[in-house]
Amino acid sequence: MERWLLTFFIGAILSLFLPIVPDISQIYICFCFAVIFCLIKRLRIYSGLFLGCAWVLSAGFAYQNIWQVNDIDPSAFFGKTITVKGVIANIPKTLSQKTKNEEIIKNVSRFNFIVEEVNQQKLKKNIKIRLRWDHKSLELSSLTKTKAIKQGQQWQLNVRIKPAHGFANVGGFSYQTWLRQKELHATGYVKNTLKNKLIQTQPSYRQQLYLQLNELINSLALKSEMDHFVFALTFGERGKITPEQWQVLQATGTQHLMAISGLHLGLIASGAYALMVMCFRYLPFHLLLTQKATFWLVQKNSHLVVFAFSSIIALFYAYLAGFSLPTLRALVMMQIFIGAKLLAVKLTITRWLLLSIVCIILLSPFSLFSVSFWLSVYAVTLILLIIWRCRKLISSSGHSKLAKTKAWLSSLFIVQLGLTLFMLPVAALLNHQLPLSALLANIVAVPWMSFTAIPLCLMSVVAMPFSETLALFFLELSLSSLDFIWQWLSYLSSQPSLLIEVSHQTLVIILALSGLTFVSYFLALPKKTLGTSILLISLFSFVYFIYYQESYDWQVSVLDVGQGLSIVIERNGHAILYDTGASYPSGFNLAESVVFPYLQYRGITTIDYLLLSHADNDHAGGLAFIDKQIAINKISVSEIKYNQPLEDLGKYNFPEIHSCKQGDDFTWQGLTFSVLWPVVIQDKENDNSCVINISDGKYNVLLTGDISRKVERLLVTNNELGIKLKADVIVAPHHGSKTSSSIRFIKGVSPDAVIFSAGFMNRWKMPNKTVLKRYQQLKVNQYSTAEQGMIQIKVAEQSLKIESYREDINPYWFAN
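A look at the sheet that holds strand β17 (residues 671-677)
Sheet strands pair via backbone hydrogen bonds, and the direction of the pair is either parallel or antiparallel.
Part 1 of the reasoning: Read across the sheet, 7 strands follow the order β16-β17-β18-β19-β20-β21-β22 without closing on themselves; strand pairing throughout is mixed. Lying at the two open borders of the sheet, with one neighbouring strand each, are β16 (666-668) and β22 (781-784). Taken over all neighbouring pairs, the strand axes of this sheet differ in orientation by 20 degrees on average, direction set aside.
Part 2 of the reasoning: The pairing of strand β21 (residues 753-756) with β22 spans 4 bridges and is parallel. Residue isoleucine 755 lies in a different strand from β22, and its bridge partner there is tyrosine 783.
Part 3 of the reasoning: Packed onto the sheet, helix α29 (residues 769-777) meets β20 (729-731), β21 and β22 and runs at close to 165 degrees relative to β21.

Below, the structure written as structure tokens:
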């Protein structure tokens, strides 16, 4: 059975490597092969391979064809105002946007919405979407005060939506994969109108408990930032945790403690189990029940009651967490274990683990896209391997309670030590940082949280419906417990020597060494096989590292920052950044979410030059964040008058500030940067854009900012500049606006390829169709970050190659 379960798992994994989801007929053929192989005894084991593959792909097909199932034409649906009717699926996350004087500008709510009707037409299959609702005007604010959106309520809303989409960059968070994992088909916003109606007012019981806990926390005399963690530990709602708190958790490798998962569910179930065992041992059932009932309950069926009670408590905790995917996975694994105990079915550890994985995939095929799924599988496997490998060290040498206690404590220490050490490379892989303090943090935080904060938080929620006084007592204890451990974590995170930045190249070495250690320590292989495995890992790492180092001479990466621009030029491990992308009043910043993760991934710790084309927010909005996070040697700006957000350049710590004007050419790492524009600062900010031609003597890349036809004409008509204008690749002026990219200019540049940096389905409809037609007429190859994600220009000695994230770097159906 283990082999069949393993082949099912492998088949499910292999399905992820396809570039597109096959047609339903091909998926049906895959199912048929699974049935045929199942009927042939010799081939039965391989039936799981086809079944696992077909199961995941059928889920992908159903997801992608939700619009066709509901007879909806996407072109007439997206980007237009529609009326939807449905139910709020989760507890809405509401944040207030404030001015510098702490005055609230608006409240922004984000929530998942299950659509049941569209334009008064009932859907055949419900569609799940993610919405944002900005409450601006006084009338609507008063409306939402009395009718605040809550989970479980039914609403009729006027919305504008577009397909599920996200930025696609190396090193960055894949929002699109996250949406697909949550089975969210579209994103959008609610239009503020009085036509929005609350149809069914009753919120879910979970929402009621959440609001009651919120009121309880607000009633506390002493306010504490630890209350943010209470919501995370009880309801799985981590939206209140501040960025500063996340930094501490990340630096100490303790993020897992603030996400309800197997650890939390296992602790609560174990606590419930121990409580019931104590009840059966010490409660006088013979005084409360008849002799026959006491015999039936205590002696004959006590184990059933104990397991059933712990199962119900775990189920309640999972409900509080909204049956999130990590919670659901832990619940499935636990219920299989309890079910086997109750039915007296003997399950080996391997069979239990594989059966749990298969059941999780059957219930939620898109779990395979989730990083947390792989972390859970890896962590559980590690724990089991550590216990098996160190069984002699953790076994009790005596029968006394003291000996058993020592053995139990030593087992906890060894498991935690091994788990932390082998999870460090994973932390480096996910965050490009190696948190050396993770061992010191987890060895204290895990047992402390397990026996104090986590159970106390849950007890406060359980007590709320019965006694607010008792709930308040447990809440204050939990906050004190959290405050105590937070002091320790804050101290560790403040030690800079315990957090090491890791580049992609270093990461490959770390993962290779970890793989070698894992294979040699845990896998009981024959010496010959072990030697072969170690040799293969070493050879693969060496080849990969050499290829990575020597595949190109220099590169230009046009990052996918939506409707904005940010370009990284790299050579010999050094980098220049041209523009930073936008920042928004909500606090969302493209420099933080896209640019900095990319620089981290590439191992870039210093920017040699920061070139800001001009002062528009979509080009220079991330300046403040970049300045805080990474060293910048020189900055060049075209608008010395310092319009927003460049008006206060004096407050930044730039060693050198240069102008970016015609003639301010410079050489960097053997590349020539010819500044072609501006000559003088003009009233129109876009026309002040710093136009730069980058050349290695053979290949040229032209960066144009947001210049208009007027500047294009001046560049083309100037004979001296006309020669420098020639380029193999051009980043299209002004994101492909109809005010730029004139025929004359395109002919003057004479590019082989053009790259448009634009937002997906942006409201300005850039790149403009007329502009696209012009480039097409001149046979220029077109690339767009909106459709293809990040675009990389890789230049070698004898070739120039253009790759896109969605088609070349990560060309898999689940991410695109």
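Description of the sheet that holds strand β23 (residues 791-795)
Part 1 of the reasoning: The sheet built from 8 strands is open, its strands ordered β15-β14-β13-β12-β11-β10-β23-β24 with mixed pairing. For this open sheet the edge positions go to β15 (656-659) and β24 (800-804), each flanked by a neighbour on one side alone. Taking each pair of neighbouring strands and ignoring which way they run, the sheet shows an average axis angle of 20 degrees.
Part 2 of the reasoning: The strands that helix α23 (residues 590-601) touches are β10 (554-558), β11 (567-571), β12 (574-578), β13 (606-612) and β23; relative to β11, the one it contacts most, it runs at about 10 degrees.

Observations concerning the pattern of salt bridges
Part 1 of the reasoning: As enumerated under the stated definition, the model contains 10 salt bridges in all.
Part 2 of the reasoning: A salt bridge links glutamate 237 to arginine 206; its shortest N-O distance comes to 3.0 Å. In this pair, glutamate 237 is assigned in the loop between α8 (227-235) and α9 (243-252) and arginine 206 in helix α7 (residues 205-218), connecting sequence segments 31 residues apart.
Part 3 of the reasoning: Exposure remark for arginine 206: the relative accessible area of 3% places this residue in the buried category.
Part 4 of the reasoning: Of the charged contacts, one joins arginine 602 and glutamate 570 as a salt bridge, the two residues approaching to 2.7 Å between their closest N and O atoms. Pair noted here: arginine 602 is in the loop between α23 and β13 and glutamate 570 is in strand β11, with a separation of 32 residues, a long-range link.
Part 5 of the reasoning: A network of salt bridges, in which partner residues are shared, links Lys794, Lys801 and Glu803.

Re helix α3 (residues 44-64)
Part 1 of the reasoning: For α3, with 21 residues, the first-to-last C-alpha span of 31 Å sits near the 30 Å given by 1.5 Å per residue.
Part 2 of the reasoning: Those residues of α3 lying buried are Ser47, Gly48, Gly52, Cys53, Ala54, Val56, Leu57, Ala59, Gly60 and Tyr63.
Part 3 of the reasoning: Along its buried surface, α3 packs onto α1 (2-14), α2 (24-39), α4 (66-69), α6 (175-181) and α15 (349-363).

Topic: a nonpolar patch on the surface
Part 1 of the reasoning: A surface patch of nonpolar side chains, amounting to about 560 Å² of accessible area, comprises Val35, Ile36, Leu39, Ile40, Leu43 and Tyr46.
Part 2 of the reasoning: At 3 residues, α2 tops the list of elements feeding residues into the nonpolar patch.
Part 3 of the reasoning: Tracing the chain through its elements places valine 35 in helix α2.

Some points on the nonpolar core
Part 1 of the reasoning: Grouped together as the largest cluster of nonpolar side chains are 54 residues, with contacts concentrated most on Leu213 and Met449.
Part 2 of the reasoning: Contributions of two or more residues to this core are made by α7, α8, α9, α10 (262-282), α13 (302-320), α14 (325-342), α19 (438-463) and α20 (468-493).
Part 3 of the reasoning: If you tally residues by element for this core, the top one is α19, at 11 residues.
Part 4 of the reasoning: For leucine 213, the residues in contact, after removing those within four places along its chain, are Val230, Phe231, Thr234, Phe235, Val461, Met464 and Leu475.
Part 5 of the reasoning: Residues Ala164, Leu179, Phe373 and Val377 belong to the second largest nonpolar core, which totals 36 residues.

Brief notes about the packing of helix α18 (residues 401-431) against helix α21 (residues 504-522)
Part 1 of the reasoning: One can describe the packing of α18 onto α21 by two numbers: an axis separation of 10 Å at closest approach and a directional angle of 155 degrees. Between α18 and α21, the angle is such that the two are roughly antiparallel. Once α18 is placed against α21, the crossing between them reads as left-handed. Here Phe422, Pro425, Ala428 and Leu429 of α18 lie close against α21, whose contacting residues are Leu507, Ile510, Leu511, Ser514, Thr517, Phe518 and Phe522.

Observations regarding the state of the cysteines
Part 1 of the reasoning: Under the defined criterion, the tally for this structure stands at 1 disulfide.
Part 2 of the reasoning: The disulfide bridge from cysteine 660 ends at cysteine 690, spanning 1.7 Å between sulfur atoms. Here cysteine 690 lies in the loop between β17 and β18 (691-695) and cysteine 660 lies in the loop between β15 and β16, a separation of 30 residues in the sequence. In terms of burial, cysteine 660 and cysteine 690 fall into one category: buried.
Part 3 of the reasoning: With no disulfide partner, cysteine 53 has as its closest neighbouring cysteine sulfur the one in cysteine 30, 4.5 Å distant.

Re the packing of aromatic side chains
Part 1 of the reasoning: Tallied over the full model, the rule gives 35 aromatic pairs.
Part 2 of the reasoning: The interplanar angle of 5 degrees and the centroid separation of 6.2 Å between the aromatic rings of tyrosine 812 and phenylalanine 814 together place this pair among those described as stacked.
Part 3 of the reasoning: Here the aromatic residues Phe17, Tyr63, Phe366, Phe369, Tyr812, Trp813 and Phe814 are joined through ring pairs into a cluster of three or more.
Part 4 of the reasoning: The side chain of lysine 240 reaches across the aromatic face of phenylalanine 231, ending 5.1 Å from its centre.

Here's the deal with the environment of phenylalanine 285
Part 1 of the reasoning: With respect to the helices and strands, the residue phenylalanine 285 is situated in helix α11 (residues 285-288).
Part 2 of the reasoning: Through-space distance from the C-alpha of phenylalanine 285 to that of valine 298 is 8.0 Å; in sequence the pair is 13 residues apart.

Quick look at the environment of glutamine 176
Part 1 of the reasoning: Within the element layout of this structure, glutamine 176 appears in helix α6.
Part 2 of the reasoning: In sequence terms glutamine 176 and glycine 60 are 116 residues apart; their C-alpha atoms lie 14 Å from each other.
Part 3 of the reasoning: Beyond its immediate sequence surroundings of up to four residues, glutamine 176 is in contact with Ala164, His165, Gly166, Arg806, Ala815 and Asn816.
Part 4 of the reasoning: Looking at glutamine 176, its side chain comes within polar contact range of the side chain of arginine 806, at 3.1 Å.

Digging into empty space enclosed by the protein
Rolling a probe over the atoms, with the probe sized like a water molecule, indicates the empty space that remains.
Part 1 of the reasoning: Tallied over the entire structure, the rule returns 2 cavities of 30 Å³ or more.
Part 2 of the reasoning: Computed from the structure, the largest cavity encloses a volume of approximately 60 Å³.
Part 3 of the reasoning: If you trace the largest cavity, you find it lined by Gly166, Phe167, Ala168, Asn169, Gly172, Phe173, Ser174, Gln176, Tyr805, Arg806, Asn810 and Ala815.
Part 4 of the reasoning: In this structure, the second largest cavity encloses a volume near 30 Å³.
Part 5 of the reasoning: Elements with a minimum of two residues in the lining of the second largest cavity: α14, α15 and α16 (371-389).
Part 6 of the reasoning: Examining the composition of the lining of the second largest cavity, we find that 3 residues originate from one element, α16, more than from any other.
Part 7 of the reasoning: In terms of residue class, the lining of the second largest cavity is built from 5 nonpolar, 1 polar and 1 charged.

Definitions and limits used
- Residues numbered from 1 in each chain as written.
- Predicted model: local features only at pLDDT ≥ 70, side-chain atom pairs only at ≥ 80, totals over all residues.
- Heavy atoms only, no water.
- Pairing = 2+ DSSP bridges.
- Helix = DSSP H or I, 4+ residues; strand = E, 2+ residues; numbered from the N terminus.
- Axes fitted to C-alpha atoms, helices over the stretch in contact; angles between N-to-C directions.
- Contact = heavy atoms within 4.5 Å.
- Salt bridge = Lys/Arg side-chain N within 4 Å of Asp/Glu carboxyl O.
- Buried < 20%, exposed > 50% of the residue type's maximum accessible area, 1.4 Å probe, protein only.
- Expected span 1.5 Å × (residues − 1).
- Patch = residues over 30% accessible without salt bridge, like charges linked within 9 Å, V, L, I, M, F, W, Y side chains within 5 Å.
- Areas by Shrake-Rupley, 256 points an atom, 1.4 Å probe, with all protein chains shown as cover.
- Core = buried A, V, L, I, M, F, W, Y, C linked by side-chain atoms within 4.5 Å.
- Parallel < 35°, antiparallel > 145°, perpendicular 65-115°, else oblique.
- Left-handed = near helix turned anticlockwise from the far one by under 90°.
- Disulfide = S-S within 2.5 Å.
- Phe/Tyr/Trp six-rings, centres within 6.5 Å; stacked < 30°, edge-to-face > 60°.
- Lys NZ or Arg CZ within 6 Å of the ring centre and 35° of its normal.
- Polar contact = N/O pair within 3.5 Å; in protein donor to acceptor, adjacent residues only side chain to side chain.
- 1 Å grid on protein atoms, 1.4 Å probe; cavity = no way out; pocket = protein on both sides within 12 Å on 5 of 7 lines; lining within 4 Å.
- Points joined across faces, edges and corners; volume = space filled by probe spheres on them.
- Nonpolar A, V, L, I, M, F, W, Y, C, P; charged D, E, K, R; others polar.

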